[in-house]
Amino acid sequence: MTEISEADLKKNQILAALPEKESERLLPHLRFVSLSLAQVLYKPEDTIRHLYFPLDSVISSLASMEDGRSVEINLTGDEGLLGLRAVLGAKVSGYFAIVQVPGKALKVDVDVLRAEFKRGDVLHDRVLRYTRYLLFQVSQTAACNRIHRLEQRLARWLLMVHNRAKRDEFPITHEFLSQMLGTPRSEVTIAAGILRKAWLIRYWRGRMTILDRPGLESATCECYRVVTNELCNPG
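Residues numbered from 1 in each chain as written. Predicted model: local features only at pLDDT ≥ 70, side-chain atom pairs only at ≥ 80, totals over all residues. Heavy atoms only, no water.

*Asks:* Help me out: how do you make sense of the packing of helix α7 (residues 150-165) against helix α8 (residues 174-181) in this one?
*Replies:* For any two helices packed against each other, the geometry is given by the interaxial angle and the distance between the axes. Look at α7 against α8: their axes get within 11 Å of each other, and the N-to-C directions meet at 100°. The orientation of α7 with respect to α8, classified from their angle, is roughly perpendicular. Judged by residue contacts, L150, R153, L154 and W157 of α7 engage L177, M180 and L181 from α8. In terms of residue class, the contact of α7 with α8 is built from 6 nonpolar, no polar and 1 charged. (Axes fitted to C-alpha atoms, helices over the stretch in contact; angles between N-to-C directions. Helix = DSSP H or I, 4+ residues; strand = E, 2+ residues; numbered from the N terminus. Parallel < 35°, antiparallel > 145°, perpendicular 65-115°, else oblique. Contact = heavy atoms within 4.5 Å. Nonpolar A, V, L, I, M, F, W, Y, C, P; charged D, E, K, R; others polar.)

Structure (structure tokens):
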């Protein structure tokens, strides 16, 4: 088993903020996991037994409807943790959690983190701060999905993934994008084509490459900026 160091904790923003005494309490309970593309971590009504602190992986939480359609409700990357519901007292998941960009994460038993949260120390504050950000992200995304053009929404989504993946190229399919954006695949293809013709992205054989990040920021709506500002300046 690979030993986890303080340097590894610094790769996740919640863990990076912990003082030494809190880090030392958590370290023996954390373990590295490699998350693969499209791996399902939670399903609706699954009992939540483990939480995940992404390091360079990105995880999508999806709301699923009775007719089989689904739409992304939030992203989780190195800014947060997956399984927040369990920290706050829930026992089961309310959504699908699917790995969108493969990579590393730190895994911990829910009882361990819940006990640490209840101590009321720095972890408690950071989790509540993340909760505020997550609520803001979900609310803004709902408004964005209702009001803004699909190519703007796609640009926003790609920027948010880019921030968390820490690399310019990552695997993605049009089918997966269709699920993330709650839009038919044919419409996603058109929106991606607009960004591709502007030389902002390259998409080839299931791999997305960000070619022009400033251009992508110009192509998106204000939702990317306001959500990013909320993360950087939670008030």
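There's plenty left to go through after this.
*Asks:* When you look at the nonpolar core in this model, what are you seeing that I'm missing?
*Replies:* Core analysis: the biggest nonpolar cluster contains 68 residues, and L51, W157 and L158 have the highest contact counts within it. Apart from residues no more than four positions distant in its own chain, L51 is found in contact with Y42, L81, L82, G83, A86, V87, L106, K107, V108, V110 and L113. (Core = buried A, V, L, I, M, F, W, Y, C linked by side-chain atoms within 4.5 Å. Buried < 20%, exposed > 50% of the residue type's maximum accessible area, 1.4 Å probe, protein only.)

*Asks:* Just checking my understanding: could you explain the packing of aromatic side chains for this structure?
*Replies:* Two aromatic rings are characterised by how far apart their centres lie and by the angle between their planes. In total, this model carries 2 aromatic pairs according to the counting rule given. Ring centres 6.2 Å apart and planes at 35° place the aromatic pair Y130 and Y133 in the tilted group. Taken as a pair, Y130 and Y133 lie in helix α6 (residues 122-147) at a separation of 3 residues, close to a single helical turn. Residue class for Y133 comes out buried when judged on its relative accessible area of 3%. (Phe/Tyr/Trp six-rings, centres within 6.5 Å; stacked < 30°, edge-to-face > 60°.)

*Asks:* I would appreciate a short explanation of the sheet that holds strand β1 (residues 31-35) in the present structure.
*Replies:* Through backbone hydrogen bonds, the strands of a sheet pair up, either in parallel or in antiparallel fashion. The sheet built from 3 strands is open, its strands ordered β1-β7-β3 with antiparallel pairing. Edge positions in the sheet fall to β1 and β3 (50-54), since each has one partner strand and no second. Direction aside, neighbouring strands of the sheet carry axes that sit 40° apart on average. With 5 bridges connecting them, β1 and strand β7 (residues 103-109) associate as antiparallel partners. Its bridge partner lying in β7, S34 is registered against K104. Helix α5 (residues 110-118) contacts β3 and β7 of the sheet and is inclined by roughly 75° relative to β7. (Pairing = 2+ DSSP bridges.)

*Asks:* For this particular structure, what's the right way to read helix α9 (residues 185-197)?
*Replies:* Since the α-helix advances by 3.6 residues per turn, residues separated by three or four positions end up pointing in the same direction. Taking 1.5 Å per residue, 13 residues should reach 18 Å; α9 reaches 18 Å between its end C-alpha atoms and fits that length. Those residues of α9 that sit buried are V188, A191, A192, G193 and L195. Among the structural elements, α7, α8, β9 (201-204) and α10 (213-219) are those in contact with the buried residues of α9. Of the residues flanking the end of α9, it is W199, one or two places downstream, whose phi is positive at about 60°. (Expected span 1.5 Å × (residues − 1).)

*Asks:* Whenever I open this one, the side chain of S60 confuses me. Can you help?
*Replies:* Its place among the elements puts S60 in strand β4 (residues 58-64). S60 gets classed as buried once you look at its relative accessible area, which sits at 0%. In this view, S60 contacts E72, N74, L75, F96, A97, I98, Q100 and M180; residues no more than four positions away in its chain are not counted.

*Asks:* So what exactly am I meant to see when it comes to unusual backbone geometry here?
*Replies:* Glycine aside, negative phi is the norm for most residues, and most peptide bonds take the trans geometry. For A38, which is not glycine, the phi dihedral falls at a positive 70°. Looking at the secondary structure, you find A38 in the loop between β1 and β2 (40-42). Taking relative accessible area as the criterion, A38 reaches 45% and is therefore assigned partly exposed.

*Asks:* Looking at this structure, I do not really get the packing of α5 against α6. What am I missing?
*Replies:* In contact at an axis separation of 7 Å, α5 and α6 are set at 100° when each is read in the N-to-C sense. The orientation of α5 relative to α6 falls into the category roughly perpendicular. Residues L113, E116 and F117 of α5 lie in contact with α6, whose contacting residues are L123, H124, V127 and L128.

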